[in-house]
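Given next are the chains, with one letter for each unit.
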Amino acid sequence: MQTVFNAGHALHAATHEFFRGRLVPAFEVPARADYILQAVRAAGLGEVLAPVDHGRAPLERVHSARYLDFIEGAHAEWLSTGGEGDAFPAVWPVRSLRSDLEPISFAARMGLYSMDSGTPLTAGSWAAAHAGAQASLTALDLVLAGERSAYVLTRPPGHHAGADFFGGYCFINNAAVAAQAARDAGLARVAILDVDYHHGNGTQAIFYDRADVFFASLHGDPRTEYPFFLGHADETGAGEGVGFNANFPLPVGVDNDDWFAALDAALARLTAYQPDLLIVSLGVDTYGGDPISHFKLDEPEFRRMGERIARFGAPTLFLQEGGYATEAIGRNVVAVLAGFETE
Ligand code: SP5
Ligand code: ZN
């Protein structure tokens, strides 16, 4: 399996994130990608390629131009309006407040275009996220050209980012950009399987009223786990999209057997859908040793996950999402990808 590596990932480097009113050391750090790259090379998984620039148009198929403009200029604007270091939002247009008008105030626009204060927007966030989307499009090209699979090694992750907001460490929704690009390349049906510990609220929202992209997700129950406000089992799609969204919320500490039963149930739904392409939002924060999550998968389970996804039998694009046990992340990711390769 070939890897498309976003070497620009390190431009997004936060030292701290907001948590319970304090700055705590950031979890989503450049070393994550370094460890994965090392493990991919050590395992001899396959060639490591650089992204090819596909421009901004494929991003605008998913995100609003206004949002992309904002993210591109946000850090410079933060500095020019008196901010120091990384930028954080502090005010949001919640129920009864208006989000249909774009304010002039930078602080107000930070709130309009975000969902939480736990996502540092750094000087290099746009460059890193933009390059990650290019890596995703490059890996998609490999699969469209007939490769059985490809892996996108990138950060920041993408699945929490919506059409016009950032959050959950995510700015550009790589899975959504790739899925839309696959549709635009002529594939009729695309399935997204999100196995990150956290519900992929951004991806779900982007495709919620559509039948041409099926979103299925296994994740910590949003009643207790981030992103809290989406990811319940009764979210099955809207309008033409009814029946093309499937959530499998699982309790904190879920048994590995129950996690795999949910994976089988999700894949059964996707089998009935008969997609032309499977995109896997591959977060490995389901690892037992993850510092911010509460599932119990380990290397044998990650390998089994890869085998199970391979048996699904569709051309498969793996995209890196979460995983915060930095020293174990390479081993865990490679276990999934190597498991896929052996099937
Ligand atoms: C892509 C992805 O996995 N995003 C996850 C975003 C999680 N944001 C909430 C983080 C809360 C950190 N909690 C720290 C607890 C330390 N004991
Ligand atoms: Zn996650």
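Criteria and cut-off values
- Residues numbered from 1 in each chain as written.
- Chains lettered and ligands numbered in written order.
- Predicted model: local features only at pLDDT ≥ 70, side-chain atom pairs only at ≥ 80, totals over all residues.
- Heavy atoms only, no water.
- Helix = DSSP H or I, 4+ residues; strand = E, 2+ residues; numbered from the N terminus.
- Rg over C-alpha atoms; globule rule 2.2 N^0.38 Å.
- Buried < 20%, exposed > 50% of the residue type's maximum accessible area, 1.4 Å probe, protein only.
- Contact = heavy atoms within 4.5 Å.
- Areas by Shrake-Rupley, 256 points an atom, 1.4 Å probe, with all protein chains shown as cover.
- Lys, Arg positive; Asp, Glu negative; His and termini not counted.
- Charge placed at Lys NZ, Arg CZ, Asp CG, Glu CD.
- Pairing = 2+ DSSP bridges.
- Donors = N, O, S within 2.8 Å, 3.2 Å for Na, K, Ca; no water.
- 1 Å grid on protein atoms, 1.4 Å probe; cavity = no way out; pocket = protein on both sides within 12 Å on 5 of 7 lines; lining within 4 Å.
- Points joined across faces, edges and corners; volume = space filled by probe spheres on them.
- Near = heavy atom within 4 Å.
- Polar contact = N/O pair within 3.5 Å; in protein donor to acceptor, adjacent residues only side chain to side chain.
- Sits in = over half its atoms within 2 Å of the grid points.
- Nonpolar A, V, L, I, M, F, W, Y, C, P; charged D, E, K, R; others polar.

Peer 1: Can you explain the overall build of the chain? Please cite residues and give values.
Peer 2: For the chain, the helix and strand inventory stands at ten helices and ten strands. In terms of overall dimensions, the chain is globule-like: its C-alpha atoms have a radius of gyration of 18 Å, near the 20 Å expected for 343 residues. Taken along its principal axes, the extent of the C-alpha atoms in the chain is 55 × 45 × 40 Å. Of all 343 residues assigned to the chain, the portion counted as buried reaches 57%. Of the contacts made within the chain by residues no fewer than 6 positions apart, 76% connect residues no fewer than 24 positions apart. When the accessible surface of the chain is totalled, it reaches about 13200 Å², and 54% of it is carbon and sulfur. In the chain, which carries 23 positive and 42 negative side-chain charges, the distance between the mean positions of the two groups comes to 2 Å.

Peer 1: I'd like a rundown of the sheet that holds strand β5 (residues 149–153), residues and numbers included.
Peer 2: Strands belonging to one sheet form pairs held by backbone hydrogen bonds; the direction of such a pair is parallel or antiparallel. Strand order in the open sheet formed by eight strands is β4-β1-β5-β10-β9-β6-β7-β8, and the pairing between neighbours is parallel. Since the sheet does not close on itself, it has two edges, and those belong to β4 (48–49) and β8 (245–250), each with one partner. Two elements, strand β6 (residues 190–194) and strand β9 (residues 277–282), share five bridges in a ladder whose sense is parallel. By the bridge assignment for β9, V190 is matched with L277.

Peer 1: So what's going on with the coordination of the zinc ion (ligand 2)? Which residues, and what values?
Peer 2: Around the zinc ion (ligand 2), the protein contributes the donor atoms D196 (OD), H198 (ND1) and D285 (OD), which lie 1.9 to 2.0 Å from the metal centre. Summarised as a motif, the one-chain spacing of the donors to the zinc ion (ligand 2) is D-x1-H-x86-D. On the criterion of sequence distance, the pair formed by H198 in the loop between β6 and α7 (201–207) and D285 in the loop between β9 and α9 (299–312) is long-range, its members being 87 residues apart.

Peer 1: Account for the layout of surface pockets, naming residues and giving values.
Peer 2: The probe, sized like a water molecule, is rolled over the atoms to show the empty space still left. Empty space within the largest pocket amounts to approximately 1200 Å³. Along its surface, the largest pocket is lined by 39 residues, and M115, D116, Y226, P227 and F228 are the ones closest to its centre. Listing elements by their share of the lining of the largest pocket, those giving two or more residues are β2 (16–19), α4 (106–112) and α7. With three residues, the single largest contributor to the lining of the largest pocket is β2.

Peer 1: Just give me the short version of the site of ligand 1, but keep the residues and values in it.
Peer 2: Around ligand 1 sit 14 residues, and of these H160, G168, H198, D285 and Y324 come closest. D285 places a polar side-chain atom, nitrogen or oxygen, 3.0 Å from an oxygen atom of ligand 1. Contact distances for ligand 1 include 2.6 Å between an oxygen atom and a side-chain N or O atom of Y324. Calculation on ligand 1 without its partners gives an accessible area of 500 Å², and the protein chains cover 77% of this total. Judged by the proximity of its atoms to the pocket grid, ligand 1 belongs to the largest pocket. Residues belonging to the shell around ligand 1 are distributed by class as follows: seven nonpolar, five polar and two charged.

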